[in-house]
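In case you want the letters, here they are:
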Amino acid sequence: MSERAGEKDAAVEARAGAGDGASAAGHGVGSGPGRVLVAVYGVFALAAGARAAVQIARQFDEAPLAYALSAFAAAVYLLLAVALGRGMRRLALAACGIELAGVLVVGTLSLVYPEAFPDATVWSGFGSGYVYIPVVLPLLGLYWLSRRK
Amino acid sequence: MIDPLAIGLIVFALVIALGSLLTTALNKAMGTVLLVALGLLEIGLLVQAGFVVAGLVGGEGPDDTATLIGYTAGTVVIPPVAAFWGVGERSRWGPAVIAVAGFAIPGMVGRMLQIWQGVA
């Protein structure tokens with residue numbers, strides 16, 4: 001890719017940025033700021049997935065609900081990374097809704113019934129173990145998807 | 001696992017993250033400097049992974065090897081994927097992708113250190 005192309009995009013970006021940061025150069029939900037979302041979802045899919053795999057493999061009986069939910073969260077993150085990355089907007093929208101519902105329900109349950117969660121999940125305490133990124137992420141995702149029609 | 005190398009990697013990754021954020025703030029696409037820095041970070045992470053594997057084979061390290069291996073593999077995979085995904089975006093959001101990786105690596109290397117030292 002030539003430098004000129006980069007400058008052109010940067011110029012388009014600068015003009016778009018005058019209005020707001022979200023409407024950017026490029027097309028689809030997986031470009032511009034959407035790339036950053038894909039990256040964050042990718043990292044979370046990797047982190048949550050690897051953690052859930054280890055926990056389920058060696059100590060599933062200790063906290064079956066928590067580990068199953070961690071695996072489910074990892075699957076949702078992976079689905080979102082792929083859906084956003086490939087520009088599948090409707091799928092991404094649905095997955096974002098599931099993600100938001102999941103983090104709210106699991107976050108509330110983990111506070112109300114802590115005995116059901118002897119070990120933490122990604123969504124416990126609304127993602128307090130991950131600097132609350134899990135609860136902010138679906139809101140960002142929905143906001144981004146609603147902007148990029 | 002070598003502690004000074006781990007700490008160096010954490011600091012270096014944070015420098016890359018901040019540099020990437022600055023590039024995004026200045027509204028520029030990915031430059032060569034960021035790519036080279038990401039390459040150096042990857043080399044450092046591979047060296048660290050080598051020491052981790054060598055240590056485990058030599059009987060060192062914690063009981064919780066599975067988690068340690070998971071994190072080690074994760075740190076090695078992230079920079080190339082971030083570079084690939086960031087270079088494809090010729091706008092300010094390319095370096096923003098690198099910033100995500102730059103903040104993820106310190107967290108993971110930090111966890112590796114904790115596990116290795118048996119803190120967690």
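Calculation criteria
Residues numbered from 1 in each chain as written. Chains lettered and ligands numbered in written order. Predicted model: local features only at pLDDT ≥ 70, side-chain atom pairs only at ≥ 80, totals over all residues. Helix = DSSP H or I, 4+ residues; strand = E, 2+ residues; numbered from the N terminus. Rg over C-alpha atoms; globule rule 2.2 N^0.38 Å. UniProt positions renumbered as here; feature names shortened; annotations may be inferred. pLDDT = per-residue confidence, 0-100. Expected span 1.5 Å × (residues − 1). Axes fitted to C-alpha atoms, helices over the stretch in contact; angles between N-to-C directions. Parallel < 35°, antiparallel > 145°, perpendicular 65-115°, else oblique. Left-handed = near helix turned anticlockwise from the far one by under 90°. Contact = placed C-beta atoms within 7 Å. Nonpolar A, V, L, I, M, F, W, Y, C, P; charged D, E, K, R; others polar. Core = buried A, V, L, I, M, F, W, Y, C linked by C-beta atoms within 7 Å. Buried ≥ 20, exposed ≤ 12 C-beta atoms within 10 Å, placed from the backbone.

**Section: the overall build of chain B**
And step 1. A count of helical and extended segments in chain B gives 4 helices and 0 strands.
And step 2. Reading the secondary structure of chain B in the N-to-C direction produces α-α-α-α.
And step 3. The C-alpha atoms of chain B give a radius of gyration of 15 Å, which matches the 14 Å a tight globule of 120 residues would have.
And step 4. The C-alpha extent of chain B, read off along each of the three principal axes, is 50 × 20 × 20 Å.

**Quick word on the UniProt feature "transmembrane region" (unreviewed entry) in chain B**
Residue and element names in this part refer to chain B.
And step 1. Under the local residue numbering, the UniProt record ascribes the feature "transmembrane region" (unreviewed entry) to residues 6–26, 33–56, 68–87 and 94–116.
And step 2. Between the end C-alpha atoms of residues 6–26 the distance is 30 Å, and the span holds 95% helix and 0% strand.
And step 3. Across residues 33–56, helical content stands at 100% and strand content at 0%; the span's end C-alpha atoms are separated by 35 Å.

**Quick notes on the confidence of the model for chain B**
Residue and element names in this part refer to chain B.
And step 1. On average, residues of chain B score 92 in pLDDT, and 98% of them are at 70 or above.
And step 2. The spread of mean pLDDT over the elements of chain B runs between helix α3 (residues 65–87), the lowest at 91, and helix α1 (residues 3–25), the highest at 96.
And step 3. Predicted complex, confidence summary: ipTM 0.86, pTM 0.83.

**A short note on helix α3 (residues 64–85) of chain A**
And step 1. Between the first and last C-alpha of α3(A) there are 31 Å, a value that for 22 residues agrees with the 32 Å anticipated at 1.5 Å per step.
And step 2. Where α3(A) terminates, the next one or two residues include Gly87(A), which has phi positive at roughly 75°.

**As for the UniProt feature "transmembrane region" (unreviewed entry) in chain A**
Residues and elements named next belong to chain A.
And step 1. Look at the UniProt record and you will see "transmembrane region" (unreviewed entry) annotated at residues 36–54, 66–84, 91–113 and 125–145.
And step 2. Helix makes up 100% of residues 36–54 and strand 0%, whereas the separation of the span's terminal C-alpha atoms amounts to 27 Å.
And step 3. Spanning residues 66–84, this segment combines 100% helix with 0% strand, and its end C-alpha atoms are found 27 Å apart.

**Looking at the packing of helix α2 (residues 33–59) of chain A against α3(B)**
And step 1. Direction vectors running N to C along α2(A) and α3(B) enclose 165°, while the axes themselves pass 11 Å from each other. If you check the angle between α2(A) and α3(B), you find them roughly antiparallel. Between α2(A) and α3(B) lies a crossing of right-handed hand. Mapping the contact onto sequence places Arg35(A), Val38(A), Ala39(A), Gly42(A), Val43(A), Leu46(A), Ala47(A), Ala50(A), Val54(A) and Arg58(A) in α2(A) and Ala66(B), Thr67(B), Gly70(B), Gly74(B), Ile78(B), Val81(B), Ala82(B) and Trp85(B) in α3(B).
And step 2. Looking at side-chain class alone, the contact of α2(A) with α3(B) contains 12 nonpolar, 4 polar and 2 charged residues.

**Let's talk about unusual backbone geometry**
All names here are of chain A.
And step 1. Its identity is not glycine, yet phenylalanine 126 carries a phi of approximately 60°, on the positive side.
And step 2. One can find phenylalanine 126 in the loop between α4 (89–112) and α5 (133–147).
And step 3. With phi around 40°, valine 131 is a residue other than glycine that occupies positive phi space.

**Structural notes on the nonpolar core**
And step 1. Ala39(A), Tyr41(A), Tyr77(A), Leu80(A), Ala82(B) and Val100(B) are the most contacted members of the largest nonpolar core, which totals 69 residues.
And step 2. At the level of elements, α2, α3, α4 and α5 of chain A together with α1, α2 (32–57), α3 and α4 (93–117) of chain B are the ones that each hand at least two residues to this core.
And step 3. Per-element accounting of this core gives the leading share, 14 residues, to α4(B).

**Notes on the confidence of the model for chain A**
All names here are of chain A.
And step 1. The predicted model of chain A averages 83 in pLDDT, with 81% of residues at 70 or higher.
And step 2. Here helix α1 (residues 3–19) stands out as the least confident element of chain A, with mean pLDDT 42; α4 is the most confident, with 95.
And step 3. Low pLDDT, under 50, characterises residues 1–26; the stretch is placed with 39 contacts to residues that sit more than four places away or in other chains.

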